[in-house]
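Below, each chain spelled out in residue letters.
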Amino acid sequence: MQRTLSLIKPDGVAKNIIGEIIKRFEGAGIRVVAMKKLHLSQKQAEGFYAVHKERPFFKSLTEFMTSGPIVAMVLEGEDVIAKNRKLMGATNFKEAEEGTIRREFATDIEKNVVHGSDAPETAAFEIAYFFSTMEIVG
Ligand code: CMP
């Protein structure tokens, strides 16, 4: 059993597709074991995306991530990191497979609706960034 962090980004929340996205997770046998809606501060967004701080898109990305509320979730299931990434589709929605969340709802490479941890180490950091142990109910 594995856990991963999923974020529904400000564009996904604004599109009113929180339920649609959760439905896809649950339909794939993934369980939501923690969830909260929050509005990140600039500092919080910068801390979350610290690995990207040298990238040219860092400022724009953190401004976008603070532009409205987001939904953070801990997902649990067998091989859930890879399963979630398959449901999301490629970062660039133009390269994402047909039927994926990003292919259907993203509007550009930055406004790509969802985020998902890419490895067990990043999942551990990202889950702890948003949730305390007591908030995760397996
Ligand atoms: P995410 O999975 O949240 O991880 C980093 C984010 O940076 C990515 O999704 C995109 O929203 C954003 N981003 C913006 N520009 C780029 C780019 N050129 N390459 C990769 N990610 C980008």
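Thresholds, definitions, all that
- Here the residue numbering is sequential within each chain, running from 1 through the sequence in written order.
- Whole-chain, interface and lining totals are the exception, using all residues; otherwise, since this is a predicted model, local features are given only for residues with pLDDT of at least 70 and side-chain atom pairs are given and counted only at 80 or more.
- The side-chain figures draw on all heavy atoms in the structure; neither hydrogens nor water molecules are used.
- Whenever a carboxyl oxygen of Asp or Glu lies within 4 Å of a side-chain nitrogen of Lys or Arg, that contact is scored as a salt bridge.
- Secondary structure elements are defined from DSSP: runs of H or I of at least 4 residues count as helices, runs of E of at least 2 residues count as strands, and each element is numbered from the N terminus.
- Only protein chains enter the accessibility calculation, which uses a 1.4 Å probe. A residue is then buried if its area is under 20% of the maximum for its type, exposed if over 50%, and partly exposed in between.
- Think of a polar contact as two N or O atoms within 3.5 Å of one another; within protein, one of them needs to be a possible hydrogen donor and the other a possible acceptor, and neighboring residues in sequence only count if both atoms come from side chains.
- Any two residues having at least one pair of non-hydrogen atoms within 4.5 Å are treated as being in contact.
- Should DSSP find at least two bridges between two strands, the strands are regarded as paired.

Visitor: An account of the pattern of salt bridges is requested, with residue identities and associated values reported.
Guide: Between side chains of opposite charge, a pair can form when the charged atoms approach closely. Evaluated as defined, the whole model comprises 8 salt bridges. Of the charged contacts in the structure, one is a salt bridge between Arg24 and Glu104, with a shortest N-O distance of 2.9 Å. In this pair, Arg24 is assigned in helix H2 (residues 18–27) and Glu104 in helix H6 (residues 101–105), connecting sequence segments 80 residues apart. Take Arg24: its relative accessible area is 19%, and that puts it in the buried class. Residue Glu98 pairs with Arg103 through a salt bridge whose shortest N-O separation is 3.2 Å. Judged by its relative accessible area of 64%, Glu98 is exposed. Here the salt bridges do not stand alone but share partners, grouping Arg3, Arg31 and Glu76 into one network.

Visitor: Describe the side chain of Asn112, with residues and values.
Guide: With respect to the helices, strands and loops of the structure, Asn112 is situated in the loop between H6 and strand S4 (114–116). Side chain to side chain, Asn112 and Lys9 meet in a polar contact 2.7 Å long. Look past the residues within four positions of Asn112 in its chain and what remains in contact with it is Lys9, Asp11, Thr91, Arg102 and Ala106.

Visitor: Describe unusual backbone geometry, listing the residues and the values that go with them.
Guide: Despite not being glycine, Asp79 has its phi angle at roughly 55°, a positive value. The residue Asp79 is located in the loop between strand S3 (70–77) and helix H5 (80–88) in this model. Phi at Val113 takes a positive value of approximately 70°, unusual for a residue other than glycine. Given a relative accessible area of 0%, Val113 falls into the buried group.

Visitor: Describe the pairing of S3, with residues and values.
Guide: Most of S3 sits out of view: 8 of its 8 residues are buried. Bridge count for strand S1 (residues 2–8) against S3 is 7 bridges, and the pairing is antiparallel. Counterpart to Thr4 in the pairing with S3 is Leu75. With 7 bridges connecting them, strand S2 (residues 31–38) and S3 associate as antiparallel partners. Each residue of the ladder has a partner; that of Ala34, found in S3, is Val74.

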